[in-house]
Every structure is written in C-alpha cells, then in structure tokens.
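# Structure assessment
Here's the letter readout for the chains.
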Amino acid sequence: MLPTSQLMDLTGQLVTLKTCYELTEPEMQKQPDCPHCHFNLAENDSKPVHGRLGQIKDKTDEVLNGWTNTLKSALEDPMLEEQKALCVFQTCEAAGAVFPV
Ligand SMILES: [Zn+2]
C-alpha cells in the first residue's frame, strides 16, 4: 500500500554519496585526490554533498508526510469501518456470543 519505491530511491541517492572520514582539510587543499580512498573530486560529480543531503532530507520528509496521509485516509476509509464491524461480529460469533435479533 505504501510507495516504498520512493524510499528505495532516496536510499539509492544516499548510497552514491561518498564518505571519507580520514581526509583532512589541509590534504584536500593540497590535492584533489584523496590520499586515503583515492576519491578524486575533479573526476567525479562535484555537486556539493551538503546541498544534496538537505534535498534528500526534504524529500524524506515529503515521503513521510505522504505515507502518513496514505495511512490516515486508509484508516478513515468507510469500507474499512464496515470490514472491522463485520470482523468483530464474526469473531464474536465464532466465540459463541449470542446477539439480540
Ligand atoms: Zn578519502
């Protein structure tokens, strides 16, 4: 019921972001190539990660809101109310409860 593809897409975007915890700022200023993981900023998509993280976060909030609304409207569905009522009735009946006619 929930569009998990949106979440998969966001996860995919996060995975493509490169993280290196060893690179220091002076090293980065000396050369575009990381001496630790050999990631070369000049050879790769050089969109700033900072902005992209913000975008992904915004998109995550959007997906969350979408899911919340989907769940809310699904729970408010009158069909579901009927099904719930029927379900309770059948459960009680199966348990041998006697209903006034
Ligand atoms: Zn590195």
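Above: the structure in question.
Residues numbered from 1 in each chain as written. Predicted model: local features only at pLDDT ≥ 70, side-chain atom pairs only at ≥ 80, totals over all residues.

It is worth spelling out the overall build of the chain at this point. Along its length, the chain carries 4 helices and 0 strands. Principal axes of the C-alpha set define a box for the chain whose edges measure 85 × 25 × 20 Å. For the chain, the residues scored as buried account for 0% of the 101 residues in total. (Helix = DSSP H or I, 4+ residues; strand = E, 2+ residues; numbered from the N terminus. Buried ≥ 20, exposed ≤ 12 C-beta atoms within 10 Å, placed from the backbone.)

This brings us to unusual backbone geometry. Not every positive phi belongs to a glycine, and histidine 38 is a case in point at roughly 60°. Within the secondary structure, histidine 38 is located in the loop between helix H2 (25–30) and helix H3 (49–75).

Mapping threonine 70 onto the fold places it in helix H3. Taking the C-beta count within 10 Å as the criterion, threonine 70 has 13 such neighbours and is therefore assigned partly exposed.

With respect to the secondary-structure elements, glutamate 82 resides in helix H4 (residues 78–94). In this structure the C-alpha to C-alpha distance between glutamate 82 and glutamate 93, which are 11 residues apart in sequence, comes to 16 Å.

This next bit is on H3. With 27 residues, H3 extends 38 Å from end C-alpha to end C-alpha; this agrees with the ideal 39 Å at 1.5 Å per step. Taken across its 27 residues, H3 has 0 buried, putting it largely on the surface. (Expected span 1.5 Å × (residues − 1).)

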